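Next come the chains, spelled out residue by residue.
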Amino acid sequence: MSKKAQRTKDDWIPYARQCIDESDIEAVVEALKSDFVTQGPRVGYFEDGLKEATGARYAIAVSSGTAALHLAYQGLGMGGGDVGIVPSITFAATANALRHCGAEVAWCDVEATSGLAGLSNFEKTGDALVAVGKSPKLLVPVSFAGRLCDLSAISEYAAKHGAYVVEDAAHSIGAVRGDLRSASCDFSDAAILSFHPVKHICAGEGGAVLTNDETLARRVRSLRSHGIEKTPEILESEGGWAYAQTELGWNYRMTDLQASLGGSQLRKLDSNIGRRREIAARYHEAFGEEAFRGSLERPIPDEGSAWHLYVVRFVSKELRRAVYGFMHANGVGVQVHYMPVYRHPYYRTDSPVLQSGAEAFYSGCLSLPMYPSLSDEEQSYVIETMERFCNSTEK
Ligand SMILES: Cc1ncc(COP(=O)(O)O)c(C=O)c1O
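Quick look at the structure, then. (Residues numbered from 1 in each chain as written. Predicted model: local features only at pLDDT ≥ 70, side-chain atom pairs only at ≥ 80, totals over all residues. Heavy atoms only, no water.)

### Thoughts on the overall build of the chain
- A tally of regular secondary structure across the chain gives 13 helices and 14 strands.
- Computed over the C-alpha atoms, the radius of gyration of the chain is 22 Å, within 12% of the 21 Å expected from 2.2 N^0.38 for a compact globule of 395 residues.
- Taken over the C-alpha atoms alone, the chain extends approximately 80 × 60 × 40 Å along its principal axes.
- Taken across its 395 residues, the chain has 55% of its residues classed as buried. (Helix = DSSP H or I, 4+ residues; strand = E, 2+ residues; numbered from the N terminus. Rg over C-alpha atoms; globule rule 2.2 N^0.38 Å. Buried < 20%, exposed > 50% of the residue type's maximum accessible area, 1.4 Å probe, protein only.)

Listed below in structure tokens is the structure:
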């Protein structure tokens, strides 16, 4: 491989970025010129697209993935005295939204190789809770990095304990595992998506709740807008203008500007995931070479993954720290996903129980640049820079 000149701030390669083209810009301009910039028809069109893309029966677009989590949990009735199980490797929002409902978080461990919490991880935490009389009310499998875990087995375990399942699919729209589509809600009560710019669909900010449950969909839709509904009773008694606030909700609405951008991005989802898969395959081949042996481990191949992140693992925390510095110094914006959430000061307790899978995964994980507009030339630079590190004495 040829050595390229070092990159600077101007041609820095981030670990992720939005891919906006002329059609996206035109879609937003069209919304700006229309009668509605919020509470208009474009939110519904986007929701229809999300239903088609995921296979779920109901989609409720909201202002962020965090809002979607909050509304899904709240809609299912999570509250004070309830416990939800959350994988310790995820973005903090997966757990924070439970705290917003007043519920408790119980952490479950993840597989050290993939960072994903599977059935055995949920079982271990769930069984320990049951043993002390605190049966979990909710399990939140996170389709981390774009990979689906065995949601069918997790939902069977949840059903045994009368617990709900919410798939955190912020990383995984478009992912499949056999016949199962992420966020289809085939094995969950609800799923959530995020439209933050680093995700597959950028809406500026945005999120969605998916579900096959009509009652839950109606409640989430109402909570998204202050808990206000046009009930038949109020319309009958007051007239067509009337609306009734039936419970305490929020303004978590998505604007028509966001929905236009999201809808335009959604049309490119398949081709963009195809490109992410090409990039993953090329990394996989390159990092299989001798130069990388003994330094980094590749992610387990997965044809169904939506490859939100491409996460390699280094053999030690010290090595990961060194490579992070080296890549940044050479213009490659690698990142760490994630530090176990229980390590954050807000969640830290006096007697922390460190989870072995999460700690092992965290100590070596590093996310490399992965986004559809990453060019072959840029990817070559990432691989060559990594090779220089692995051959260097800085290791
Ligand atoms: C796994 C996961 N869940 C939830 C969220 C929250 O999404 P948002 O940033 O749209 O609020 C994120 C965002 O990074 C995420 O990565």
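Text resumes after the structure shown.
### A look at the sheet that holds strand E1 (residues 58–62)
- The strand order E1-E9-E8-E5-E4-E2-E3 describes an open sheet built from seven strands, whose pairing is mixed. Each edge of the open sheet carries a strand with a single partner, namely E1 and strand E3 (104–108).
- The strands that helix H2 (residues 41–54) touches are E1, strand E8 (190–194) and strand E9 (207–211); relative to E1, the one it contacts most, it runs at about 130°.
- Set on the sheet, helix H3 (residues 65–75) makes contact with E1, strand E4 (138–139), strand E5 (164–168), E8 and E9; between it and E8 the angle comes to about 165°. (Pairing = 2+ DSSP bridges. Contact = heavy atoms within 4.5 Å. Axes fitted to C-alpha atoms, helices over the stretch in contact; angles between N-to-C directions.)

### With respect to the site of the ligand
- The full set close to the ligand counts 15 residues, and Gly65, Thr66, Asp168, Ser194 and Lys199 are the nearest of them.
- At 2.8 Å, a side-chain N or O of Ser194 approaches an oxygen atom of the ligand.
- For the ligand, an oxygen atom lies 2.8 Å from a polar atom in the side chain of Lys199.
- For the ligand, whose free accessible area comes to 390 Å², the fraction covered by protein is 92%. (Near = heavy atom within 4 Å. Polar contact = N/O pair within 3.5 Å; in protein donor to acceptor, adjacent residues only side chain to side chain. Areas by Shrake-Rupley, 256 points an atom, 1.4 Å probe, with all protein chains shown as cover.)

### A short note on helix H5 (residues 119–131)
- For H5, built from 13 residues, the straight-helix expectation of 18 Å at 1.5 Å per residue is met to within 8% by its first-to-last C-alpha distance of 18 Å.
- Inspection of H5 places Asn121, Phe122, Thr125, Gly126 and Leu129 among the buried residues, and these make up the whole buried set. The arc that holds the buried residues of H5, viewed along the axis, is 115°, so those residues lie on one side. Within H5, the exposed residues directed more than 90 degrees away from the buried face are Ser120, Lys124 and Ala131.
- Phi turns positive one or two residues past the end of H5, at Gly133, with a value near 75°. (Expected span 1.5 Å × (residues − 1). Arc of directions from axis to C-beta.)

### Focus: the packing of helix H10 (residues 269–286) against helix H13 (residues 376–391)
- Taken N-terminus to C-terminus, the directions of H10 and H13 make an angle of 30°; their axes are 11 Å apart at the nearest point. Taken as a pair, H10 and H13 cross one another with a handedness that is right-handed. Contacts from Arg275, Ile279, Arg282, Tyr283 and Ala286 in H10 reach Asp376, Gln379, Ser380, Val382 and Ile383 in H13.
- Here the contact of H10 with H13 is built from residues that sort into five nonpolar, two polar and three charged. (Left-handed = near helix turned anticlockwise from the far one by under 90°. Nonpolar A, V, L, I, M, F, W, Y, C, P; charged D, E, K, R; others polar.)

### Here's the deal with the sheet that holds strand E13 (residues 310–314)
- Read from one edge to the other, the open sheet built from three strands follows the order E12-E13-E14, with strand pairing classed as antiparallel. Of all strands in the sheet, those bounded by a partner on one side alone are strand E12 (296–297) and strand E14 (365–368).
- By the bridge criterion, two bridges tie E12 to E13 in an arrangement that is antiparallel. From the neighbouring strand, Leu296 faces E13, where its bridge partner is Phe314.

### What about the packing of H3 against helix H4 (residues 93–100)?
- Look at H3 against H4: their axes get within 9 Å of each other, and the N-to-C directions meet at 45°. It follows that H3 is oblique to H4 by the angle criterion. Judged by the twist between their axes, the crossing of H3 over H4 is right-handed. Each of Thr66, Leu69, His70 and Tyr73 in H3 lies in contact with H4, whose residues at this interface are Ala93, Thr94, Ala97, Leu98 and His100.
- The residue inventory of the contact of H3 with H4, partitioned by class, reads five nonpolar, four polar and no charged. (Parallel < 35°, antiparallel > 145°, perpendicular 65-115°, else oblique.)

### Side note on the pattern of salt bridges
- In this structure the tally under the stated criterion is 16 salt bridges.
- Of the charged contacts in the structure, one is a salt bridge between Arg221 and Glu47, with a shortest N-O distance of 3.3 Å. Here Arg221, found in helix H7 (residues 214–224), pairs with Glu47, found in helix H2; they are 174 residues apart in sequence, far enough to count as distant.
- Classification of Glu47 by relative accessible area gives buried; the value is 6%. (Salt bridge = Lys/Arg side-chain N within 4 Å of Asp/Glu carboxyl O.)

### Comments concerning the packing of aromatic side chains
- One pass over the structure, following the stated rule, counts 13 aromatic pairs.
- Taking the centre distance of 5.1 Å and the plane angle of 85° together, the rings of Trp107 and Tyr347 count as edge-to-face. Taken together, the residues span a long stretch of sequence, with Trp107 in strand E3 and Tyr347 in the loop between helix H11 (317–329) and helix H12 (356–364) at a distance of 240 residues. Accessibility classification places Trp107 together with Tyr347 in one group, the buried group.
- Above the plane of the ring of Tyr381 lies Arg7, whose end atom (NZ or CZ) is 4.8 Å from the centre.
- We note Arg320 situated over the ring of Tyr362; from NZ or CZ to the ring centre the distance is 5.2 Å. (Phe/Tyr/Trp six-rings, centres within 6.5 Å; stacked < 30°, edge-to-face > 60°. Lys NZ or Arg CZ within 6 Å of the ring centre and 35° of its normal.)

### A word on the pairing of E8
- A large share of E8 lies buried, amounting to five of its five residues.
- The two faces of E8 match: Ala190, Ile192 and Ser194 on one face and Ala191 and Leu193 on the other face are all buried.
- The pairing of E5 with E8 spans three bridges and is parallel. Bridge pairing in E8 links Glu167 to Ala191.

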